[in-house]
Amino acid sequence: MRPAVVLAFGVVCLIGVAVFVGDQPLPPLSVLGALWQSAQTDPATAMIVSDVRLPRAVLAALVGIALAVAGTITQAVMRNPLAEPGLLGINAGAALAALIVLVWIPNVRASWLPWAASGGALIMASLIYALSWRGGASSNRIILIGIGLSALAGAGANFISAFGDVQAVQRAMVWLSGSLQDSRWVRAEVTALWLFLPVLLVWASARELDLLAYGDDTGRSLGQRVEVSRALMIFACTLISGAAVAAAGLIAFVGLIAPHLARRFTGPGHAEVLPLAAMIGACLVLAADTLGRTIIAPAQLPAGLVAALIGAPFFGYLIWKRRDA
């Protein structure tokens with residue numbers, strides 16, 4: 001059976017598990033009735049399923065897709081298997097901009113956050129690219145400058161947290177930890193609309209990612225405008241990362257793990273890697289969020305925390321595997 005079919009089935013199953021499982025026990029037949037919008041379904045059950053659990057599961061899948069695609073882009077552009085948008089500082093810029101909006105603008109509309117987060121990610125990516133330019137932007141310079149600017153953005157976030165309104169800061173901190181707790185259909189719809197075009201364009205440009213991954217000299221010899229392609233891919237990565245951060249805060253390691261697992265099934269070609277990585281990312285975030293809200297119910301662990309518990313050992317494995325590289 002093709003891996004894509006298995007993974008697609010896995011995404012559907014995990015969405016189903018997320019809908020059926022929760023701190024409020026619901027009869028399976030009532031859940032099915034709510035999904036089919038049966039008139040005989042209890043209104044409370046219908047509300048829990050249709051307005052709470054289902055949009056949260058859909059948003060978790062969308063966030064996983066965004067993180068995985070952004071991670072795939074970053075690893076290709078940087079030619080570094082340990083890279084992800086968080087390493088470059090892109091996620092830190094998105095988080096800082098979104099934090100400013102959440103703390104300083106009360107009652108912010110959900111549709112504003114992707115704009116703010118993507119704007120912050122774009123500003124951060126532009127600074128990184130400008131500061132790393134020396135007749136070209138090498139991968140090592142981009143990574144080192146990204147780490148430095150990420151630390152600067154983290155300091156800015158700490159400053160806002162220290163002097164902002166206490167209640168607003170508490171809500172923002174929960175969100176920054178990678179929480180999907182306040183998921184609603186409007187947030188899922190905004191995220192889907194924001195992701196659709198960038199993800200589709202990146203998939204259509206899979207050959208450009210292939211050439212970038214093989215190195216600048218190879219790309220130039222095959223007619224690629226390397227710096228233009230790299231800049232466009234980083235721009236797409238900022239839009240996708242910004243949407244993920246706006247929807248669910250900071251969830252680490254998904255962008256690192258998903259591309260690696262996808263390549264195990266397909267090889268290095270990005271036309272095949274991207275869709276598989278997207279589905280693996282969706283599965284990872286769905287699983288992390290479902291575990292986080294059920295393992296110590298009624299209390300909830302943020303999906304970002306659960307993803308870190310899963311991802312940190314995998315990161316250690318990658319470091320160990322490349323110890324002689």
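Above this text is the structure in question.
Residues numbered from 1 in each chain as written. Predicted model: local features only at pLDDT ≥ 70, side-chain atom pairs only at ≥ 80, totals over all residues. Heavy atoms only, no water.

**A look at the overall build of the chain**
No. 1: The helix and strand tally for the chain stands at 15 helices and zero strands.
No. 2: On C-alpha atoms alone, the chain measures out to a radius of gyration of 20 Å, which is about the 20 Å that the 2.2 N^0.38 rule sets for 325 residues.
No. 3: With respect to the three principal axes, the spread of C-alpha positions in the chain is 65 × 55 × 35 Å.
No. 4: A fraction of 76% describes how many contacts in the chain between residues 6 or more apart in sequence connect residues 24 or more apart.
No. 5: Per element, the accessible surface of the chain, about 15,400 Å² overall, is 68% carbon and sulfur. (Helix = DSSP H or I, 4+ residues; strand = E, 2+ residues; numbered from the N terminus. Rg over C-alpha atoms; globule rule 2.2 N^0.38 Å. Contact = heavy atoms within 4.5 Å. Areas by Shrake-Rupley, 256 points an atom, 1.4 Å probe, with all protein chains shown as cover.)

**Examining the packing of aromatic side chains**
No. 1: Counted under the stated rule, the structure contains two aromatic pairs.
No. 2: A ring pair is formed by Trp115 and Trp194, whose centres lie 4.7 Å apart and whose planes are at 80 degrees; its orientation type is edge-to-face. Of this pair, Trp115 sits in helix H6 (residues 112–132) while Trp194 is found in helix H9 (residues 185–204), placing the two residues 79 residues apart along the sequence.
No. 3: For Trp115, a relative accessible area of 61% puts it in the exposed group.
No. 4: Residue Trp194 is classed as buried on the basis of its relative accessible area, which comes to 17%.
No. 5: Both rings, one in Phe159 and one in Phe163, keep their centres 4.9 Å apart while their planes meet at 45 degrees; by these two values the pair is tilted. You can see Phe159 and its partner Phe163 sitting in helix H7 (residues 139–163), four residues apart, about one turn around the helix. We note that Phe159, like Phe163, is exposed. (Phe/Tyr/Trp six-rings, centres within 6.5 Å; stacked < 30°, edge-to-face > 60°. Buried < 20%, exposed > 50% of the residue type's maximum accessible area, 1.4 Å probe, protein only.)

**Section: the state of the cysteines**
By definition, a disulfide links the sulfur atoms of two cysteine residues through a covalent bond.
No. 1: Applying the stated criterion across every chain, the model contains zero disulfides.
No. 2: Summary of cysteine pairing: Cys283 is not part of a disulfide, and the nearest cysteine sulfur, belonging to Cys13, is at 9.1 Å. (Disulfide = S-S within 2.5 Å.)

**Description of the layout of surface pockets**
No. 1: Taken as a whole, the second largest pocket encloses approximately 350 Å³ of empty space.
No. 2: When residues of the lining of the second largest pocket are traced back to their parent elements, those giving at least two are helix H3 (43–78), H9 and helix H14 (270–294).
No. 3: If one sorts the elements of the lining of the second largest pocket by residue count, H9 sits on top with six residues.
No. 4: Within the lining of the second largest pocket, the residues separate by chemical class into 13 nonpolar, no polar and no charged. (1 Å grid on protein atoms, 1.4 Å probe; cavity = no way out; pocket = protein on both sides within 12 Å on 5 of 7 lines; lining within 4 Å. Points joined across faces, edges and corners; volume = space filled by probe spheres on them. Nonpolar A, V, L, I, M, F, W, Y, C, P; charged D, E, K, R; others polar.)

**Examining unusual backbone geometry**
No. 1: Phi angles above zero are rare outside glycine, and Arg79 is one such case at about 50 degrees.
No. 2: Counting through the fold element by element, Arg79 comes out in the loop between H3 and helix H4 (85–88).
No. 3: Exposure remark for Arg79: the relative accessible area of 38% places this residue in the partly exposed category.
No. 4: Positive phi is not limited to glycine here, since Phe253 has a value of about 75 degrees.
No. 5: Taking relative accessible area as the criterion, Phe253 reaches 17% and is therefore assigned buried.

Keep in mind these values describe shape, not function.
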